[in-house]
Amino acid sequence: MLEPKLRDLIVQVRNYARQKGINAEFSLHRERSSLIRLGNSAIALSTSEELTRLDISVMQGRRVGAISLTANLTSLDQLKTALHQAEENCRNALPKDYDPIFGVVEEPIADTTGYDPALENLSPQAKADLCARVIKTVKPKGNYDFSGSWSTGSTEIYYTTTANDHEAYRRLTDGKLVIVLKEQVKKWELSVNRTQKKANEFDADGIIAELETLLPIYEQNPGFHPQIGPQKVLFGAGAIADLLGLCLWGGFIGRFYEEGRAFTSKYKFGDKIFSEHITIVDDPANQLVFQMPFDFIGKRRKLFKLVEKGVFAGMPYDSQTAAKYKKQPTGHDIENWDLVMVTGTGPADLNQALQLADNALYIPHLHYTHLPDPTRGIFTGSSRFNALLIKDGKFVAPIFSSRITDAIPNLFNQVIAVSSQAVAENVSSTYERRTPSAYAVPSWLLCDKVNISDVADSF
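Note that this is a predicted model, so its numbers are computed, not measured.

Quick notes on the rules
Residues numbered from 1 in each chain as written. Predicted model: local features only at pLDDT ≥ 70, side-chain atom pairs only at ≥ 80, totals over all residues. Heavy atoms only, no water. Helix = DSSP H or I, 4+ residues; strand = E, 2+ residues; numbered from the N terminus. Rg over C-alpha atoms; globule rule 2.2 N^0.38 Å. Buried < 20%, exposed > 50% of the residue type's maximum accessible area, 1.4 Å probe, protein only. 1 Å grid on protein atoms, 1.4 Å probe; cavity = no way out; pocket = protein on both sides within 12 Å on 5 of 7 lines; lining within 4 Å. Points joined across faces, edges and corners; volume = space filled by probe spheres on them. Phe/Tyr/Trp six-rings, centres within 6.5 Å; stacked < 30°, edge-to-face > 60°. Lys NZ or Arg CZ within 6 Å of the ring centre and 35° of its normal. Contact = heavy atoms within 4.5 Å. Disulfide = S-S within 2.5 Å. Nonpolar A, V, L, I, M, F, W, Y, C, P; charged D, E, K, R; others polar. Salt bridge = Lys/Arg side-chain N within 4 Å of Asp/Glu carboxyl O. Axes fitted to C-alpha atoms, helices over the stretch in contact; angles between N-to-C directions. Parallel < 35°, antiparallel > 145°, perpendicular 65-115°, else oblique. Left-handed = near helix turned anticlockwise from the far one by under 90°. Expected span 1.5 Å × (residues − 1). Core = buried A, V, L, I, M, F, W, Y, C linked by side-chain atoms within 4.5 Å.

Once that is clear, we can look at the overall build of the chain. Regarding its fold elements, the chain presents ten helices and 22 strands. A globule of 459 residues ought to have a C-alpha radius of gyration of about 23 Å, and the chain, at 24 Å, matches this closely. Taken along the three principal axes of its C-alpha coordinates, the chain extends 75 × 55 × 35 Å. Within the span of the chain, comprising 459 residues, buried residues form 53% of the whole.

Turning our attention to empty space enclosed by the protein. Within the structure shown, the criterion is met by one cavity of 30 Å³ or more. Forming the walls of the largest cavity are Asp 111, Thr 113, Gly 114, Arg 170, Leu 172, Thr 173, Lys 197, Phe 290 and Gln 291. Considering every element that reaches the lining of the largest cavity, the biggest residue donor is strand S6 (residues 168–183), with three residues.

Attention now moves to the environment of Ala 417. When you line up the elements, Ala 417 lands in strand S19 (residues 415–418). Separated by 416 residues in sequence, Ala 417 and Met 1 place their C-alpha atoms 44 Å apart.

What follows is about the packing of aromatic side chains. Taken as a whole and judged by the stated rule, the model has 14 aromatic pairs. For the pair Phe 294 and Phe 296, a centre-to-centre distance of 6.3 Å together with 75° between the ring planes defines the contact as edge-to-face. Classification of Phe 294 by relative accessible area gives buried; the value is 0%. Chaining the aromatic ring pairs together yields one cluster made of Phe 252, Tyr 257, Phe 263, Phe 269, Phe 274, Phe 312 and Phe 412. We note Arg 171 situated over the ring of Tyr 115; from NZ or CZ to the ring centre the distance is 4.0 Å. The aromatic ring of Tyr 325 is capped on one face by Lys 324, whose charged end is 5.9 Å from the ring centroid.

Summarising the element assignment, Thr 52 is placed in strand S2 (residues 42–60). On the accessibility criterion, Thr 52 (12% relative accessible area) is buried. In this view, Thr 52 contacts Leu 28, His 29, Arg 30, Leu 69, Thr 70, Ala 71, Asn 72 and Leu 73; residues no more than four positions away in its chain are not counted.

A positive phi angle is found at Ser 41, which is not glycine, with a value near 60°. Summarising the element assignment, Ser 41 is placed in the loop between strand S1 (24–39) and S2. Relative accessible area serves as the criterion here: at 16%, Ser 41 is assigned to the buried category. The phi dihedral of Lys 449 is positive, around 55°, even though this residue is not glycine. Positionally, Lys 449 belongs in strand S22 (residues 444–455). The exposure class of Lys 449 is exposed, given its relative accessible area of 53%.

Turning our eyes to something else, we now look at the state of the cysteines. Enumeration over the complete set of coordinates arrives at zero disulfides. The cysteine Cys 447 is free of any disulfide, with Cys 247 supplying the nearest cysteine sulfur at 12 Å. Since its relative accessible area comes to 0%, Cys 447 is described here as buried.

Turning our attention to the layout of surface pockets. Considered as a void within the structure, the second largest pocket measures approximately 760 Å³ in volume. Forming the walls of the second largest pocket are 31 residues, and the residues nearest its centre are Ser 27, Asp 55, Tyr 159, Phe 296 and Asp 333. Taken together, the elements giving at least two residues each to the lining of the second largest pocket come down to S1, S2, strand S3 (63–70), strand S5 (144–161) and helix H8 (319–325). Counting residues per element, the lining of the second largest pocket draws most heavily on S1, at five residues. Across the lining of the second largest pocket, the residue classes tally to 14 nonpolar, eight polar and nine charged.

As a further point, take the pattern of salt bridges. Under the criterion given, the structure shown has 29 salt bridges. Ionic pairing is found between Glu 31 and Arg 53, a salt bridge with its closest N-O pair at 3.1 Å. You can see Glu 31 sitting in strand S1 and its partner Arg 53 sitting in strand S2, a full 22 residues away along the chain. Grouping residues by exposure puts Glu 31 and Arg 53 together as buried. In this structure, a network of salt bridges that share partners links the residues Arg 32, Glu 50, Glu 120 and Arg 171.

For the pair helix H1 (residues 4–19) and helix H2 (residues 76–92), the least separation of the axes is 9 Å and the interaxial angle reads 45°. Between H1 and H2, the crossing angle belongs to the class labelled oblique. The chirality of how H1 crosses H2 is right-handed. For the pair H1 and H2, the contacting residues are Leu 9, Ile 10, Gln 12, Val 13, Tyr 16 and Ala 17 in the first and Leu 76, Leu 79, Lys 80, Leu 83 and His 84 in the second. Along the lines of polarity and charge, the residues of the contact of H1 with H2 split into eight nonpolar, two polar and one charged.

This part is about helix H4 (residues 124–138). The terminal C-alpha atoms of H4, which comprises 15 residues, lie 21 Å apart, in line with the 21 Å expected from a rise of 1.5 Å per residue. Those residues of H4 hidden inside the fold are in contact with S1, S2, S5, S6 and helix H5 (204–220).

Bringing the nonpolar core into the picture now. Phe 235, Phe 252, Phe 274, Ile 280, Ile 408 and Phe 412 are the most contacted members of the largest nonpolar core, which has 58 residues in total. When residues in this core are grouped by element, the largest group, nine residues, is from helix H6 (residues 237–251). Among all residues touching Ile 280, those that are not within four sequence positions of it are Leu 244, Cys 247, Phe 274, Lys 305, Leu 306, Val 307, Leu 339 and Val 340. Among the nonpolar cores identified, the runner-up in size contains 39 residues, and Tyr 144, Trp 150, Leu 181 and Trp 444 belong to it.

Time to look at H1. Think of an α-helix as turning once every 3.6 residues; residues three or four places apart then point the same way. The end-to-end C-alpha separation of H1 is 22 Å, in line with the 22 Å expected for 16 residues at 1.5 Å each. Of all the residues in H1, the buried ones are Leu 6, Leu 9, Ile 10, Val 11, Val 13, Arg 14, Tyr 16 and Ala 17. The secondary structure elements touched by the buried residues of H1 are S1, S2, H2 and S5. Where H1 ends, the next residue or the one after it, Gly 21, has phi of about 75°, a positive value.

Here is the structure:
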């Protein structure tokens, strides 16, 4: 549970607000973050921070006012002052054109299942030692330079309102490692990514082995220039997570759906929108994701189906959109989703997937992605790291930087096969508040007729 002194302060100001007849929500976010950055094959930055933020929101009728404190919370008077500032902001706010929904913690929640003190306290020296081992082992084998980053830390979230005495609390740890190898003359790059919920989930040997598997293909073969037009593509987990995020953004934001700005807006529940191979859910019970147990109106989060075997199954609504369009909130007043693309029946082993693909492009990551036309689900993104040509079921050459410009509905209707192995892909942002977020995705996805719109003459 939250540190007693801090919890007592928030409970006291909540009770004070209730006595004064103020409808108020209190949301605490506390983080301990540690980051190292690699540049020129050395530690370029090592930093850490500890931050405490308290958001107070006051609602009266159709008016809502808020204030955010980024400070150590030391006294009840400090919190009372912030509460009354939020009350003042509420009085001066323009009324909404709907009745906003006030937060109520439905049931007490105290979740620390995702917390590992060893990861919270993982030292910068331990990180540097692992990276140094990778660099010292691989760098002498070529004209290579290394860059990357490794962020670890813990997050505490606490939420309560004047509606009742229930409290919702969560504490978890997370980490994300990216190591990039760049060849200094030919300029191709390899990337190894790792997601972690606990310490010691990976080691240097696994990273070295992954790089050494790819290096001979890049060193012994010239770059391949794919044809522009429809191509068979074997996507890796990183690219699948990017596609899943684009699919969410373009098709499954309740407000966009209601306003006709989503590619799903023309459909109703029960319509077939994707291949039967595609099932997408938001599942806070999945062991691979970071498992957000409640949202910020105090609603217990549960399995929510977006697409089931290609059929449009549900639209998530945050509370404000639900209030405006007279829907029910679905537990999505959150920043960090627990998206899951359900696995298929294809082989788990990548070599068997290559045999299935036969002749195709392998694009494990997408970069510089964007969604220029969400109404049609049109997205764009480029290959960059680890992209390879598959010929006769084997990796034979690196491919030059290739841009995909296609529509999510088109791509997800051209699925040939889906891996039976699920993996975690960390999609946490490194900016703003520490918000651990990961998607569980198949380790590969084979699609036909993916539109390659441009190919560079370099990597």
